[in-house]
Structures are given as structure tokens and as C-alpha cells.
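Notes for the structure review
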Amino acid sequence: MTVAPGATGYSKRSRLDKLGVKSAMRVAVLRLQDAEFLQELRTRTDDIAERRPKRATDMIFFFVSRTKDLERLARLRETIKPNGAIWTLWRKGRPEVKQSDVMSAAKENGLVDIKVASFSEELSALKLVIPVAMR
């Protein structure tokens, strides 16, 4: 049995497929130093911002190392398309940021969490979107 490139965990689907990255999406990768992931992304899209997301971004990957970083969610929400998403990433098993912190910050900023994923061996991820009623 062959495993898809970038496959993680028990799934044989690639990481990009699990995260919902589609061809030609406008993507932003913020505060995440992961050359392998950027290389994977470039197989799907050339529209990748690494410092600031562009307007009408489809998907943002946002690494947080402390709860204060979550204050940026309000600004990020303004840059995604109405049906876009913000994947918030944090280190697994570390006390600085917990899933409950991300969920609370999302709610405070008009976002809802719809999916949790293991981004890598070291990082957890929570997918945040604008609620359908607010789009």
C-alpha cells in the first residue's frame, strides 16, 4: 500500500486533502516556519502570502505560541472570504496554548470551530470559520 505524499497519522490522505486545500486557492501562512509544508502548498497553489494575508483569502494557517497571539483573529477574520477558513495551529501538550483557549478566542471574534486536526507530530490545528448566519 502506498501512502500519499504528506500523509500524517492513520489517514492515507495527504495533509493538504485533510486540511481542505484545493487547487488555485489563495492561502496565507503566518508565523509558521515549516519549509516542508510550504513546499506541499506550492504543489496546489502559487498564491501564497507569508507575512500578511491578502484580501479575499481562502485559507489562513496561523501559528500561535501564546494566548496573546489569538488577539490577531479579529483582523484575520476580515481578510478571509465569507466561506474561508483560519486554521489555528499550536504546539501539542504545551501549557502556553490549549484548544480551549483557541475556541474561546474564536467565539470572542465571531468565529466558530468546525474541525480539529493533527497538523503534524508537533502541532495541533483547529479550523475556524465565520458562522453561516453571519456570511
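In case you missed it, the structure is sitting above this.
Note that the coordinates shown come from a computational prediction; the quantities given were computed from them, not determined experimentally.

Looking now at the overall build of the protein chain. In terms of helices and strands, the protein chain carries 4 helices and 6 strands. Its helices and strands taken in sequence order, the protein chain reads α-β-α-β-β-α-β-α-β-β from the N to the C terminus. For the protein chain, the spread of C-alpha atoms along the principal axes amounts to about 45 × 35 × 30 Å. The buried share among the 135 residues of the protein chain stands at 48%. The contacts in the protein chain between residues at least 6 apart in sequence include a share of 58% that link residues at least 24 apart. Taken as a whole, the protein chain presents about 7800 Å² of accessible surface, with 49% of it coming from carbon and sulfur. A gap of 3 Å separates the mean positions of the 27 positive and 17 negative side-chain charges of the protein chain.

All right, on to the sheet that holds strand β2 (residues 48-49) then. Spatially, β2-β1-β3-β4-β6-β5 is the arrangement adopted by the 6 strands of the open sheet, whose pairing is mixed. This sheet does not close on itself; its edge strands, each paired only once, are β2 and β5 (112-118). Relative to strand β6 (residues 123-129), strand β4 (residues 80-91) runs antiparallel, the two sharing 6 bridges. Residue pairing for β6: R91 is matched across the bridge by L123. Taken strand by strand, helix α2 (residues 35-42) contacts β1 (27-30), β2 and β3 (57-63), and its axis lies near 175 degrees from that of β1. Sheet contacts for helix α4 (residues 99-108): β4, β5 and β6; angle to β6, the most-contacted strand, approximately 15 degrees.

Relative to the helices and strands, G84 is located in strand β4. In this structure, the C-alpha to C-alpha distance between G84 and L128, residues 44 residues apart in sequence, is 8.8 Å. Excluding anything up to four places from it in sequence, G84 contacts T57, D58, L128 and V129.

Let us now look at the nonpolar core. In this structure, I60, F62, L73, I86, V102, L111 and L128 are the most contacted members of the largest nonpolar core, which totals 20 residues. Taken together, the elements giving at least two residues each to this core come down to β1, β3, α3 (73-79), β4, α4 and β6. Setting aside residues up to four positions removed in sequence, V102 forms contacts with L70, T88, W90, V97, L126 and L128. Counting residues in each nonpolar core, the second largest holds 19 residues, with F37, L89, F119 and L123 among its members.

Here A28 lies in strand β1. Under the relative-accessibility criterion, A28 is labelled buried at 0%. Linking A28 and F61, residues 33 residues apart in sequence, is a C-alpha distance of 6.1 Å. Leaving out residues up to four positions away in the same chain, A28 has contacts with A49, P53, T57, M59, I60 and F61.

Taken as a whole, this structure holds 11 salt bridges when the rule is applied. A salt bridge links R26 to D47, with the nearest nitrogen and oxygen atoms 2.9 Å apart. Placement of R26 in the loop between α1 (15-19) and β1 and of D47 in the loop between α2 and β2 is noted, with a sequence separation of 21 residues between them. Judged by relative accessible area, R26 falls into the partly exposed class, the value being 26%. Taking relative accessible area as the criterion, D47 reaches 18% and is therefore assigned buried. Among the ionic pairs, R94 bridges to E96, the shortest N-O distance being 3.2 Å. One network of salt bridges, with partners in common, ties together R26, D47 and K54.

Conventions we followed
- Residues numbered from 1 in each chain as written.
- Predicted model: local features only at pLDDT ≥ 70, side-chain atom pairs only at ≥ 80, totals over all residues.
- Heavy atoms only, no water.
- Helix = DSSP H or I, 4+ residues; strand = E, 2+ residues; numbered from the N terminus.
- Buried < 20%, exposed > 50% of the residue type's maximum accessible area, 1.4 Å probe, protein only.
- Contact = heavy atoms within 4.5 Å.
- Areas by Shrake-Rupley, 256 points an atom, 1.4 Å probe, with all protein chains shown as cover.
- Lys, Arg positive; Asp, Glu negative; His and termini not counted.
- Charge placed at Lys NZ, Arg CZ, Asp CG, Glu CD.
- Pairing = 2+ DSSP bridges.
- Axes fitted to C-alpha atoms, helices over the stretch in contact; angles between N-to-C directions.
- Core = buried A, V, L, I, M, F, W, Y, C linked by side-chain atoms within 4.5 Å.
- Salt bridge = Lys/Arg side-chain N within 4 Å of Asp/Glu carboxyl O.

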